[in-house]
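Residue-level structure breakdown
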Amino acid sequence: MKLQWIVGLMLQLVVFISIGIAVIFIIRKYNKKQSSEDAGEAQLTAAQNEKLAVIGTLSAGINHEICNPLGIARGQCEAFLLNLKDGIYKDEDPGKLLKKAQEIMEKVIRETDRAAAITRKLSDFAKPAKGDAELVDVNKELDEVLGLIGYELRLDKIRLEREIADNLPQLFVDRKQFQEVIFNILRNAVQAIEEKGKISIRASEEKGNVVIDVQDTGSGIDRERTKELFSPFFTTKRHGSGTGLGLFIVRQIVEKNGGKIYMKDTKVGIGTTFTIEFPAASSRISRV
Amino acid sequence: MAGCRILAIDDEVEFIDLLINYFRPRGYDIDTSMRGVRGIEMMKQRRPDVILCDLKMPGIDGDEVLKLTKTMQPAPKLIFITAYNDGGKTKDRLLNMGAYAFFDKPITSLKILEETVNKAAGN
């Protein structure tokens, strides 16, 4: 009887301990999942904040890209109306005048379309990325990013060289995150150039990877400081012009999309080259 | 002032087209260049009364054009038309250095630009 009682007690203890272990295991697993979800959420928020800060710094260029075509459209209309009012066209053949008006209208449509295109690009870029991978064409996405940053380059007298290999394989990445990565690296390159300079973008296929080099003729980075490049809050920019989150977030985004990023070369006073590698879509999809 | 000789230097073809559409039918003799270096050659050859010049162009900038106009006899009047905005620092510096006028892009009144060109040519 006593033995039965002891066995029963032990069985109850085993059941209690098992339940306890199971509960602890479930709680730990839940906490782990929760903290990884929190970290992911924080990462997305930081990336989005950084992106909005970037758009802010580009406002002069973007403003120009919108205002200038609208200014030209307005000016073409104003020129025609003033010439009409001041009797400049008084001896003009009506057919010719109509043709002139038609040309002006075509120019106005072209310029307003130009302004609308940049606002579309901007609003598309500003939307948060969903983290969904899709087939992405490197050349096409470079065009999109250069459409946003191109004027900034011209304004800063920076020459852009582009060398993209023909028949480059597509990537299987989040399209918007890919744009963000290129955008950030290009922006860093622009900020590294103090006077006139050059930025070269090269993309080629190497051993099943698409390799993108962004090389600038900027100030370069001191060798001793290169170890910290991808650390949060590290910046070589003067106070107030960099949050220091750019490269830290860029690396997280690149790795999340199956790629890697590293600084290939830098020399103070000569410039810096960053390399971004992504596996071609064919190899990434077959692995998934 | 019809007959006034203008040289417009700007790398934006649409803006050059706008200036031609406005000034040419009004009797102005307007030459244009979309490249800074070519613009400088034209400056020396055509001897314009007034130069309408962008501030930032590949291969040349406003300071260089301004310095060059100072070496010419008679010196053409230089009017900058630009979207570049650094809070007025460059504008003040170039005006102090002898630029005749400074217009922001986009131009808000072609009439005012024309009046400024006429004043510059008449001075």
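Notes on the structure in this doc start here.

1. Here we look at the packing of helix H1 (residues 13-23) of chain B against helix H5 (residues 110-122) of chain B
All names here are of chain B.
- Closest axis-to-axis distance for the H1/H5 pair is 12 Å, and the angle between their directions is 75°. As the angle between them shows, H1 and H5 are arranged roughly perpendicular. Contact residues: H1 offers Leu18, Leu19, Tyr22 and Phe23, while H5 offers Leu110, Lys111, Leu113, Glu114 and Val117.

2. Concerning unusual backbone geometry
- Of the consecutive residues Gln73(B) and Pro74(B), the connecting peptide bond is found in the cis state with omega at -5°.
- Counting through the fold element by element, Pro74(B) comes out in the loop between helix H3 (62-71) and strand S6 (77-82).
- Lys105(B) connects to Pro106(B) through a cis peptide bond whose omega is 0°.
- Note that Pro106(B) resides in the loop between strand S7 (101-104) and H5.
- Even without glycine at this site, Asn167(A) takes up a positive phi of about 55°.
- With respect to the helices and strands, the residue Asn167(A) is situated in the loop between strand S2 (158-164) and strand S3 (171-173).
- Relative accessible area serves as the criterion here: at 77%, Asn167(A) is assigned to the exposed category.
- One non-glycine residue, Lys207(A), lies in positive phi territory at about 50°.
- Mapped onto the elements of the fold, Lys207(A) is located in the loop between strand S4 (197-206) and strand S5 (209-216).
- Relative accessible area serves as the criterion here: at 86%, Lys207(A) is assigned to the exposed category.

3. Observations regarding the packing of aromatic side chains
- Counting across every chain of the model gives six aromatic pairs over all chains.
- Pairing Phe230(A) with Phe274(A) gives two aromatic rings, centres 6.3 Å apart and planes at 90°, and the pair type is edge-to-face. Of this pair, Phe230(A) sits in the loop between S5 and helix H6 (246-256) while Phe274(A) sits in strand S7 (residues 271-279), and the two are 44 residues apart along the sequence.
- Between Tyr22(B) and Phe23(B), the ring centres sit 5.2 Å apart and the planes meet at 85°, which makes this aromatic pair edge-to-face.
- Directly above the aromatic system of Phe15(B) lies the positively charged group of Lys105(B), at a separation of 4.5 Å from the ring centroid.

4. Side note on the interface of chain A and chain B
- Across the boundary between the two partners, chain A contributes 22 residues, which contact 23 residues of chain B.
- Regarding the contact of chain A and chain B, the summed buried area is about 1800 Å², with carbon and sulfur atoms giving 52% of it.
- Seen at the junction of chain A and chain B, the total is five salt bridges.
- Taken together, chain A and chain B are joined by twelve residue pairs in polar contact (both at pLDDT 80 or more).
- By residue number, the principal contributor to the side of chain A that touches chain B is helix H2 (residues 59-85) of chain A, which donates twelve residues.
- Of the residues belonging to the side of chain A that touches chain B, the class tally is eight nonpolar, six polar and eight charged.

5. A few points about the sheet that holds strand S1 (residues 5-9) of chain B
Residue and element names in this part refer to chain B.
- Here we have five strands laid out as an open sheet, ordered S2-S1-S3-S6-S7, and parallel in their pairing. The open sheet has two edge strands with one neighbour each: strand S2 (29-33) and S7. When strand polarity is set aside, the average angle formed by the axes of neighbouring strands in this sheet is 20°.
- Pairing of S1 with strand S3 (residues 50-53), which is carried by four bridges, proceeds in the parallel orientation. Residue pairing across strands places Ala8 opposite Leu52, the latter belonging to S3.

6. Notes on the sheet that holds S2(A)
All names here are of chain A.
- If you trace the five strands from one edge of the open sheet to the other, you get S2-S4-S5-S7-S6, paired in mixed fashion. Looking along the sheet, the strands with just one partner apiece sit at the ends: S2 and strand S6 (260-267). Recorded for the sheet is a direction-independent mean angle of 15° between the axes of neighbouring strands.
- Looking at chain direction, S6 and S7 are connected through seven bridges and run antiparallel. Bridge pairing in S7 places Tyr262 opposite Thr275.

Procedures and definitions
Residues numbered from 1 in each chain as written. Chains lettered and ligands numbered in written order. Predicted model: local features only at pLDDT ≥ 70, side-chain atom pairs only at ≥ 80, totals over all residues. Heavy atoms only, no water. Axes fitted to C-alpha atoms, helices over the stretch in contact; angles between N-to-C directions. Helix = DSSP H or I, 4+ residues; strand = E, 2+ residues; numbered from the N terminus. Parallel < 35°, antiparallel > 145°, perpendicular 65-115°, else oblique. Contact = heavy atoms within 4.5 Å. Buried < 20%, exposed > 50% of the residue type's maximum accessible area, 1.4 Å probe, protein only. Phe/Tyr/Trp six-rings, centres within 6.5 Å; stacked < 30°, edge-to-face > 60°. Lys NZ or Arg CZ within 6 Å of the ring centre and 35° of its normal. Buried area = accessible area lost by both parts, 1.4 Å probe. Salt bridge = Lys/Arg side-chain N within 4 Å of Asp/Glu carboxyl O. Polar contact = N/O pair within 3.5 Å; in protein donor to acceptor, adjacent residues only side chain to side chain. Nonpolar A, V, L, I, M, F, W, Y, C, P; charged D, E, K, R; others polar. Pairing = 2+ DSSP bridges.

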